[in-house]
Amino acid sequence: MDIYNIFTSKIPRSIEDFDPRNRKLITFLNPHSYTLAVKEADSFEAFDFIAPDGILVVTVLNWLKAASFKIKRFSCDMTSVVPYVFDIAIKNKLSAFFLGTDASGIKESVSVFRTNFPELKISGFRNGYFSGDNDRNEAIQSIVELRPDMIFIGMGAVLQEAMALDLRKAGYAGAVYTCGGFLHQTKREINFYPAFIDKMNLRFFYRIFKEEGILKRSVKTYPKFVYLMFRRLFTSNAKNMANDEMQINAARKNLKIVSKNESFIELKKKIV
């Protein structure tokens, strides 16, 4: 399977799919991370849910009718999934671990979480940089032994997905959420996006304004994402037309009388 088929087969229907008590392995794809996931498609099959992160992704997938239901945006930040997950965790006394960003950033982010969610049980945190394989393996083992009920991993695509899978392989059984730049964004305040920016779905443009490197990265990957989606559309249409023609040719053999002037469309209507 390619990343499109894997992605569209694992899209969550509602916010309840993110309940940490279900201990699911969950990641998110935006236009940038989608283009990176193309070469790592097989690794995404292990995830329980792959959520569409961003209005552009949602719009394109709904346009392509990628699912039998109306697809919604789900992002691992304070505008979407995180408040719901934190609320469930607080009510059920679930512990959380945060892994990602740099050493100073993760400390600042955790401090912000503790200030705004004093009842949230934070069992630990660590930055997302490792000196080598041994350091990474030790971090994985320490998290497995600590056994937090859920973990947020913000290391960037596709490093965070690899970490999530390695944690599972090592025996970690809690809920896993990859969260991209969320941990970095919350090191100053809990709400990275102003309310009117969120309401008007201008989050992408706000990130360009606030975060260095986002524009340069997006110029490279967003056009590629659009190209991949249009190629999917044309490929799908071509296959459908080929299948229609095969069905009509097969059915034509069973028709007793076929007019020489009968059009392809008219014949299709008779078969249907």
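What you see is a predicted model; the values in this text were computed from it and never measured. (Residues numbered from 1 in each chain as written. Predicted model: local features only at pLDDT ≥ 70, side-chain atom pairs only at ≥ 80, totals over all residues. Heavy atoms only, no water.)

Draft legend 1. Structural detail: the sheet that holds strand β1 (residues 25-29). In spatial order, the strands read β2-β1-β6-β5-β3-β4; together these 6 strands make up an open sheet with parallel pairing. Each edge of the sheet is formed by a strand with only one pairing partner; in this case those strands are β2 (49-52) and β4 (121-126). Ignoring which end each strand starts from, the neighbouring axes of this sheet average 20 degrees apart. As paired strands, β1 and strand β6 (residues 175-178) are joined by 2 bridges and run parallel to one another. Bridge assignment links I26 to a residue of β6, and that residue is Y177. Its contacts with the sheet place helix α6 (residues 103-116) against β3 (95-100) and β4, and it is angled at close to 170 degrees to β4. The strands that helix α7 (residues 133-146) touches are β3, β4 and β5 (150-154); relative to β4, the one it contacts most, it runs at about 170 degrees. (Pairing = 2+ DSSP bridges. Helix = DSSP H or I, 4+ residues; strand = E, 2+ residues; numbered from the N terminus. Axes fitted to C-alpha atoms, helices over the stretch in contact; angles between N-to-C directions. Contact = heavy atoms within 4.5 Å.)

Draft legend 2. Structural view of the pairing of β5. For β5, a buried count of 5 out of 5 residues is recorded, marking the element as mostly surrounded by other parts of the structure. Here β5 shows no split at all, with M150, F152 and G154 on one side and I151 and I153 on the other all buried. Of the pairings in the sheet, the one linking β3 to β5 comprises 5 bridges and is parallel in character. For F98, the partnering residue across the bridge sits in β5 and is F152. (Buried < 20%, exposed > 50% of the residue type's maximum accessible area, 1.4 Å probe, protein only.)

Draft legend 3. Quick peek at the environment of D2. Among the secondary structure elements, D2 is positioned in the segment before α1 (3-9). The partly exposed category is assigned to D2, whose relative accessible area is 32%. Sequence separation of D2 and A41 is 39 residues, and the distance between their C-alpha atoms is 5.9 Å. When sequence neighbours within four positions are dropped, the list of residues in contact with D2 reads A41 and R232.

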